[in-house]
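# Working through the structure, step by step
Spelled out, the chains give:
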Amino acid sequence: MKILGIETTCDETGVSIVEVNDQNGSLIAILSNIIASQEDLHALYGGVYPELACRRHFDILIPLIDQALKEAQISFQEIDLISVAYGPGLIGALLMGLNCAKALSLAWSKPFIGVNHVQAHLYAALMGNAEPIFPSLGVVVSGGHTFLIKMESIHDYELIGQTVDDAIGEAFDKVAVMLGLPYPGGPQIEKLALKGNLSLYPFKAGVVKQNPWDFSFSGLKTNVLYRLKGKNTSKNSQTQLDSSQWPHIAASFQETALNDVVSKSMRAAHHFQCKAIYLGGGVTQNQRFRDLLKNSPIPVYWPLKGLSLDNAAMIAGLGYPIFLQKGKQSDPLDLEPLARIPLR
Ligand code: KG4
Ligand code: ZN
């Protein structure tokens, strides 16, 4: 089965073609995986500017699909299924990918299927393994999401914990802005932290009383702000802390945020009797994060190479098991995009 994947949930336009086993959906090859980043467009604003994201998706989707077919060395007739992320994400951005998938489905007479972007992030870690392990803990850490999810199967998910304010990647991005670093801030913070002392500033991540598995990063972010600019200042205030301290701030912040995810994940895996941990999302690119989970007593699986950040290969890969589950039925053409898809 050759599947065309389309990803436009936020600020990356992704188009990919993957080949999977038609019996069990296991990955044979990623034939092409194009990610057109919009970093240049949004850098000026220190975050994603939704309207500009939509316009860029609109402009480049069809040329990228042509390119993906060319790189995969196949024609559109050989595509068996079109898989598209229908949420969660920015509604306008989602509309671009979803309408493109519907239009191609009609024009090419191919089935199409909508998949959940968050599930696809976890599928990026499941995809390369012949025998997925269940029950397992899914940990999604990205610019838009911080989720702990118990997975009984590819189709059976239960939300255990989530952020009550900022996503972890968003906290990295916002702290980076405070330090005058460009968007996206995660990789910049990681680089700066390499030169810093990770225990110099004793920051704390938030504790959510109602649910011990939930996350809160906005207090941590404010701690960093006050350390840099003084108590009760705002993000536009003048920085008071000497720049020689900034690597220590970056390292201490990073350590606190990552340790919060690591410790909650380990405790949740134990508590919910999970036999493996699958991780997904942009923050899994962070090497310190990977090091912190190196000695985990249960197996830990990271996304396949190149599939941490938003991409369409994970959307294509997840499309086939969903298509099988739906009895090889296409989704209806009135499928709507969803800004939020509740897991709980
Ligand atoms: O998965 P993704 O592409 O987007 C969402 O679905 O939200 O993740 C992007 C996020 C950004 O917040 C970015 O700063 C963060 O992942 N990120 C990192 C690293 N690389 C990307 N955070 C920490 N360390 C990194 N090396
Ligand atoms: Zn994502």
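Described below are features of the structure shown in this document. (Residues numbered from 1 in each chain as written. Chains lettered and ligands numbered in written order. Predicted model: local features only at pLDDT ≥ 70, side-chain atom pairs only at ≥ 80, totals over all residues. Heavy atoms only, no water.)

## A few points about the overall build of the protein chain
Helices and strands together make up the secondary structure of the protein chain, namely ten helices and ten strands. In terms of overall dimensions, the protein chain is globule-like: its C-alpha atoms have a radius of gyration of 20 Å, near the 20 Å expected for 344 residues. When the backbone C-alpha atoms are referred to their principal axes, the protein chain occupies close to 60 × 45 × 35 Å. Within the protein chain, the fraction of its 344 residues that count as buried is 53%. Across the protein chain, contacts joining residues at least 24 apart in sequence account for 70% of those joining residues at least 6 apart. As displayed, the protein chain has an accessible area near 15,200 Å², and 52% of this comes from carbon and sulfur atoms. Across the protein chain, the mean location of the 28 positive side-chain charges is 8 Å away from that of the 31 negative side-chain charges. (Helix = DSSP H or I, 4+ residues; strand = E, 2+ residues; numbered from the N terminus. Rg over C-alpha atoms; globule rule 2.2 N^0.38 Å. Buried < 20%, exposed > 50% of the residue type's maximum accessible area, 1.4 Å probe, protein only. Contact = heavy atoms within 4.5 Å. Areas by Shrake-Rupley, 256 points an atom, 1.4 Å probe, with all protein chains shown as cover. Lys, Arg positive; Asp, Glu negative; His and termini not counted. Charge placed at Lys NZ, Arg CZ, Asp CG, Glu CD.)

## Thoughts on the site of ligand 1
Ligand 1 sits among 21 residues. The nearest are G143, G144, D173, E190 and D310. Within the backbone of G169, one N or O atom sits 3.2 Å away from an oxygen atom of ligand 1. Take D173: an N or O atom from its side chain is 2.6 Å from an oxygen atom of ligand 1. Contact with the protein chains covers 93% of the free accessible surface of ligand 1, which is 550 Å². (Near = heavy atom within 4 Å. Polar contact = N/O pair within 3.5 Å; in protein donor to acceptor, adjacent residues only side chain to side chain.)

## Some details on the packing of aromatic side chains
By the definition in use, this model includes nine aromatic pairs. Here F76 and W108 contribute two aromatic rings whose centre-to-centre distance is 4.9 Å and whose plane-to-plane angle is 20 degrees, an arrangement assigned as stacked. Note that F76 is positioned in the loop between α2 (50–72) and β4 (81–87) and W108 in helix α3 (residues 91–108), a separation of 32 residues in sequence. Centroid distance F215 to F217: 6.0 Å. Interplanar angle 15 degrees. Geometry classified as stacked. With relative accessibility at 1%, the residue F215 sits in the buried group. Since its relative accessible area comes to 0%, F217 is described here as buried. (Phe/Tyr/Trp six-rings, centres within 6.5 Å; stacked < 30°, edge-to-face > 60°.)

## Re the sheet that holds strand β3 (residues 27–37)
Within the open sheet, the five strands sit side by side as β3-β2-β1-β4-β5. Their pairing is mixed. In this open sheet, the two strands that pair with only one neighbour each are β3 and β5 (112–116). Ignoring strand direction, the axes of neighbouring strands in this sheet form an average angle of 20 degrees. Of the pairings in the sheet, the one linking strand β1 (residues 2–7) to strand β2 (residues 12–20) comprises six bridges and is antiparallel in character. If you follow G5 over to β2, its bridge partner there is S16. Across the sheet, α3 is in contact with β1, β4 and β5; its angle to β4 comes to roughly 155 degrees. (Pairing = 2+ DSSP bridges. Axes fitted to C-alpha atoms, helices over the stretch in contact; angles between N-to-C directions.)

## Section: the environment of T233
Here T233 shows up in the loop between α7 (218–229) and α8 (246–271). A relative accessible area of 22% places T233 in the partly exposed class. Taking the C-alpha atoms as reference points, T233 and T222, separated by eleven residues in sequence, lie 9.4 Å from one another. What T233 contacts, discounting residues up to four positions off in sequence, is L225 and Y226. A distance of 2.5 Å separates the side chain of T233 from the backbone oxygen of G230, its partner in a polar contact.

## Some words on α3
End to end, α3 covers 25 Å across 18 residues, agreeing with the expected 26 Å (1.5 Å per residue, within 8%). Looking only at α3, the buried set comprises A93, L94, G97, L98, C100, A101, K102, L104, S105 and W108. On its buried face, α3 sits against β1, α2, β4 and β5. Two residues or fewer after α3 comes S109, characterised by a positive phi angle close to 55 degrees. (Expected span 1.5 Å × (residues − 1).)

## Looking at the coordination of the zinc ion (ligand 2)
Taken together, the protein donors to the zinc ion (ligand 2) comprise H117 (NE2), H121 (NE2) and D310 (OD), at separations of 2.0 to 2.1 Å. One way to put it: the four donor atoms around the zinc ion (ligand 2) meet at angles of 95 to 134 degrees, and that makes the site tetrahedral. Sequence positions of the residues that donate to the zinc ion (ligand 2) give the spacing H-x3-H-x188-D. Of this pair, H117 sits in helix α4 (residues 117–126) while D310 sits in the loop between β10 (300–301) and α10 (313–325), and the two are 193 residues apart along the sequence. (Donors = N, O, S within 2.8 Å, 3.2 Å for Na, K, Ca; no water. Tetrahedral: all angles 85-135°; square planar, octahedral: opposite > 155°, others 65-115°.)

## Focus: the packing of helix α6 (residues 185–193) against α8
For any two helices packed against each other, one specifies the inter-axial angle together with the distance between the axes. At a closest axis distance of 8 Å, the pairing of α6 and α8 adopts a crossing angle of 115 degrees. Considering the relative orientation of α6 and α8, their crossing is left-handed. Residues I189, E190, L192 and A193 of α6 touch α8, and the partners they reach there are W246, P247, A250, A251, F253 and Q254. Considered class by class, the residues forming the contact of α6 with α8 number eight nonpolar, one polar and one charged. (Left-handed = near helix turned anticlockwise from the far one by under 90°. Nonpolar A, V, L, I, M, F, W, Y, C, P; charged D, E, K, R; others polar.)

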